[in-house]
Amino acid sequence: MAEQRLEPILNPVDLAKSLSGQHFIDGALVPARSGECFDVFNPATQKVMGQAAKGNADDVDAAVKSAAAAQKEWKKRPARERGKLIADCGLVLAAHADELARLIALETGKALRTESRVETGVLADAFTFYGGLGSELKGETVPFNPSMLTVTLREPLGVVGAIIPWNVPLMLMALKIAPALVAGNTVVVKSAEEAPLTVLRVCQLMNQILPKGCFNILSGYGPECGAPLVEHPEIAKITFTGSVETGKIVNRTAAERLIPVTLELGGKSPMIIMADADLDRAVAGAVSGMRFTRQGQSCTASSRIFVHDSLHDAFVSALTEKVNAMTMGDPLDDGTDIGCIISPEQLEKVKGYIDLGKNTANAVAHECSALPTDPALQDGLFVRPVIFTGLTNQDRICREEIFGPVTCVIRFKDYDEVIAMANDSDFGLAATIWTKDLKTAMDATQRLEAGFVQVNQNLVVQPNLSYGGIKQSGMGREASLEAMLEYFTEKKTVIINMT
Ligand code: ADP
């Protein structure tokens, strides 16, 4: 364990520079084997804020070999000891929370107060949670034959490859690597092209505590660096969060190699507001559920809001008023509620959907909040949130994932009809229903086709609750004790013949 711990670097520009052009392999920051880098942009200005190492198959091989070597020793440590080290990582990450929040705000354009600090809090919490679960890696005793003691053991898989996206990279990475490591695996993470630096800092901080090679991180493009990770013969499992298209590619390669895979993909999550719902709570729930403060860049975003006819108009005007009152601006400014979109490509995609919505029959676009006026942000990737009304659940804008601050409010009259509409989607990640009637709430929780259903609230992912989707939203579960047991260990059956 290093004697001298790294000090927080609160200027994110300096911190980005210190991390630029590096992977983290075998306990050290190292450049790409090719020597190549690519630029990382601040989306609030579109100015270059740093460089990322451009990883390829050679870097993947070095990282996986380091992780495989480290795993031989790591898996032999008592599980509680591994957990203790992961909990210690949580303490270090909490001590660096402000630094990490500032860097992630600079890198992703997510507002410091409303998003980035929240994410760094969840990051540390995930390590604290899993750090306590080492001794829960229990097997069973099986009543097989009285003369044969039969037990199951939970054993690690080996080297886990984790591929992460840019929207909440710290939280999503934590929910993969914390359980993987506690269970005795080692990991190689491939970061998202748009957000490689803050996760690299996390890796550097954790490597002050973990033995070298347990946690490696690579940056690079998907096909050049992500694909070789999935294909690498020493990778025993892939856990992936990203788009449906890439998830299918990853799944095909994993199937060919016969390795397990967990996929967290997209969503088009319904929010149902019944006639008896508390309007104020439902409006607040729509603001948080739609993740307006994250520019809607969330796979669980409540992007289809079904409102009972009797509340529809009041709901739309209250929601519009609330979103209008939010301040869009510099992500690093504590006064900012809404930051900017991650990349020009993503902004084009979002604007394309807004145009599509506006050109759809009967659609009304309620554009909210004002674009920032600060000249320093004139090239920033800002877009006004849009609340659409007048659309049907069949319109393309209500069916495809936008990943931007765009939601559709759809009017309904009948309960069975709204449940059918909510379920009429390719996705099945999250759903909420807002009602005071217990029977309706209970019925809906059973009928809604989603992996995460909530009544009268819209919480984000919690480290101790199982999270994941059905249909095109993915397979497998993350977070929770069960996710560690089911998705990061193999069960071995042992029979001891005592005769
Ligand atoms: P998004 O549209 O959110 O960027 P992607 O699915 O393209 O979603 O990206 C999610 C992650 O998957 C990123 O880290 C990206 O680099 C990686 N990725 C993209 N293509 C591939 C691929 N062919 N194989 C493995 N990983 C990939």
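Keep in mind that this is a model prediction, so the values were computed, not measured.

In the vicinity of the ligand there are 16 residues, among which Ile164, Lys190, Glu193, Ser243 and Thr246 approach most closely. Between tryptophan 166 and the ligand, the recorded distance is 3.5 Å, taken from a side-chain N or O atom to an oxygen atom. In the environment of the ligand, an oxygen atom lies 2.6 Å from a nitrogen or oxygen atom belonging to the side chain of lysine 190. Protein chains bury 81% of the 550 Å² of accessible surface belonging to the ligand in isolation. When each cavity is represented as a set of grid points, the ligand is found to reside in the largest pocket. Sorting the residues of the shell around the ligand by element identifies helix H8 (222–231), strand S10 (235–241) and helix H9 (244–257) as the ones contributing at least two each.

The next thing to look at is the packing of helix H1 (residues 12–19) against helix H4 (residues 97–108). Where H1 meets H4, the closest approach of the two axes is 9 Å, and the angle between their N-to-C directions is 85°. Taken as axis vectors, H1 and H4 run roughly perpendicular relative to one another. Where H1 approaches H4, its residues Pro12, Val13, Leu15, Ala16 and Leu19 are matched on the opposing element by Glu99, Arg102, Leu103 and Leu106. When the residues that make up the contact of H1 with H4 are grouped by side-chain class, the tally is seven nonpolar, no polar and two charged.

Okay, empty space enclosed by the protein next. Under the defined criterion, the tally for this structure stands at four cavities of 30 Å³ or more. Roughly 50 Å³ of volume is contained in the largest cavity. If you go around the largest cavity, the residues you meet are Gly267, Met290, Gly296, Ser298, Cys299, Ala301, Ser303, Glu401, Ile402, Phe403, Gly404 and Val406. Of the residues belonging to the lining of the largest cavity, the class tally is six nonpolar, five polar and one charged. As for the second largest cavity, its lining consists of Ser269, Pro270, Thr300, Ser302, Ala430, Ala431, Thr432, Phe452, Gln454 and Asn458.

By volume, the largest pocket is sized at about 920 Å³. For the lining of the largest pocket, the residue count by class is 17 nonpolar, 12 polar and 10 charged. Residue assignment places the lining of the largest pocket across two domains, with domain 1 (12–265 + 473–494) and domain 2 (270–462) each supplying three or more. Taken as a whole, the second largest pocket holds about 410 Å³ of empty space. Every residue lining the second largest pocket is counted, 23 residues in all, and those nearest its centre are Glu115, Val118, Arg291, Arg294 and Val460. Put simply, the parts of the chain that give the lining of the second largest pocket at least two residues each are helix H5 (112–131), helix H6 (169–182) and helix H10 (279–289). Here the lining of the second largest pocket takes five residues from H5, the largest share from any one element. Residue composition of the lining of the second largest pocket, by class: 10 nonpolar, eight polar and five charged. A domain-level breakdown of the lining of the second largest pocket finds at least three residues from each of domain 1 (12–265 + 473–494) and domain 2 (270–462).

Our focus in this paragraph is the packing of aromatic side chains. Following the criterion strictly, the structure yields four aromatic pairs and no others. Centre to centre, the rings of phenylalanine 129 and tyrosine 130 are 4.9 Å apart; their planes meet at 70°, and the pair counts as edge-to-face. Tyrosine 130 gets classed as buried once you look at its relative accessible area, which sits at 0%. Seen from their ring centres, phenylalanine 452 and tyrosine 467 are 5.9 Å apart, and the 85° between their planes marks the pair as edge-to-face. Of this pair, phenylalanine 452 sits in strand S19 (residues 452–455) while tyrosine 467 sits in the loop between S19 and strand S20 (470–471), and the two are 15 residues apart along the sequence.

This part takes up unusual backbone geometry. Positive phi, close to 55°, is recorded for leucine 258, a residue that is not glycine. With respect to the helices, strands and loops of the structure, leucine 258 is situated in the loop between H9 and strand S11 (261–264). A positive phi angle is found at serine 480, which is not glycine, with a value near 85°. If you trace the backbone, serine 480 turns up in helix H15 (residues 480–488).

Looking now at the sheet that holds S19. Here seven strands make up an open sheet; going across it, the order is S14-S15-S16-S13-S12-S18-S19 and the pairing mixed. Only two strands of the sheet have a single partner each, and these edge strands are strand S14 (364–367) and S19. Averaged over all pairs of adjacent strands, the angle between strand axes in this sheet comes to 20°, irrespective of strand direction. Here four bridges tie S14 to strand S15 (residues 386–389), and the two strands are oriented antiparallel to one another. Residue alanine 365 lies in a different strand from S15, and its bridge partner there is phenylalanine 388.

Here strand S12 (residues 270–273) shows a buried face lined by Pro270 and Ile272 and a second buried face lined by Met271 and Ile273. Across four bridges, S12 lies against strand S13 (residues 304–308) in parallel orientation. Bridge pairing in S13 places isoleucine 272 opposite phenylalanine 306. Crossover connection from S12 via H10 to parallel S13: handedness right-handed. Here S12 runs beside strand S18 (residues 430–434); their pairing, made up of three bridges, is parallel. Residue pairing for S18: isoleucine 272 is matched across the bridge by isoleucine 433.

What follows concerns the pattern of salt bridges. Overall, the coordinates contain 27 salt bridges when judged by the stated rule. A salt bridge links lysine 471 to glutamate 449; the shortest N-O distance between them is 2.9 Å. Separated by 22 residues along the polypeptide, lysine 471 in strand S20 and glutamate 449 in the loop between helix H14 (438–447) and S19 bring together distant segments of the chain. Judged by its relative accessible area of 35%, lysine 471 falls in the partly exposed class. Residue class for glutamate 449 comes out partly exposed when judged on its relative accessible area of 38%. When salt bridges with common partners are traced through the structure, they connect Asp98, Arg117 and Asp334 into a single cluster.

Okay, the pairing of S13 next. Among the five residues in S13, five count as buried, and that is most of the element. What you see with S13 is no split at all: Arg304, Phe306 and His308 on one side and Ile305 and Val307 on the other are buried throughout. Taken together, the five bridges between S13 and strand S16 (residues 406–412) define a ladder with parallel strand orientation. By the bridge assignment for S16, phenylalanine 306 is matched with isoleucine 410.

How each quantity is defined
- Residues numbered from 1 in each chain as written.
- Predicted model: local features only at pLDDT ≥ 70, side-chain atom pairs only at ≥ 80, totals over all residues.
- Heavy atoms only, no water.
- Near = heavy atom within 4 Å.
- Polar contact = N/O pair within 3.5 Å; in protein donor to acceptor, adjacent residues only side chain to side chain.
- Areas by Shrake-Rupley, 256 points an atom, 1.4 Å probe, with all protein chains shown as cover.
- 1 Å grid on protein atoms, 1.4 Å probe; cavity = no way out; pocket = protein on both sides within 12 Å on 5 of 7 lines; lining within 4 Å.
- Sits in = over half its atoms within 2 Å of the grid points.
- Helix = DSSP H or I, 4+ residues; strand = E, 2+ residues; numbered from the N terminus.
- Axes fitted to C-alpha atoms, helices over the stretch in contact; angles between N-to-C directions.
- Parallel < 35°, antiparallel > 145°, perpendicular 65-115°, else oblique.
- Contact = heavy atoms within 4.5 Å.
- Nonpolar A, V, L, I, M, F, W, Y, C, P; charged D, E, K, R; others polar.
- Points joined across faces, edges and corners; volume = space filled by probe spheres on them.
- Domains from an automatic or database assignment.
- Phe/Tyr/Trp six-rings, centres within 6.5 Å; stacked < 30°, edge-to-face > 60°.
- Buried < 20%, exposed > 50% of the residue type's maximum accessible area, 1.4 Å probe, protein only.
- Pairing = 2+ DSSP bridges.
- Right-handed = clockwise from strand over helix to strand, strands pointing away.
- Salt bridge = Lys/Arg side-chain N within 4 Å of Asp/Glu carboxyl O.

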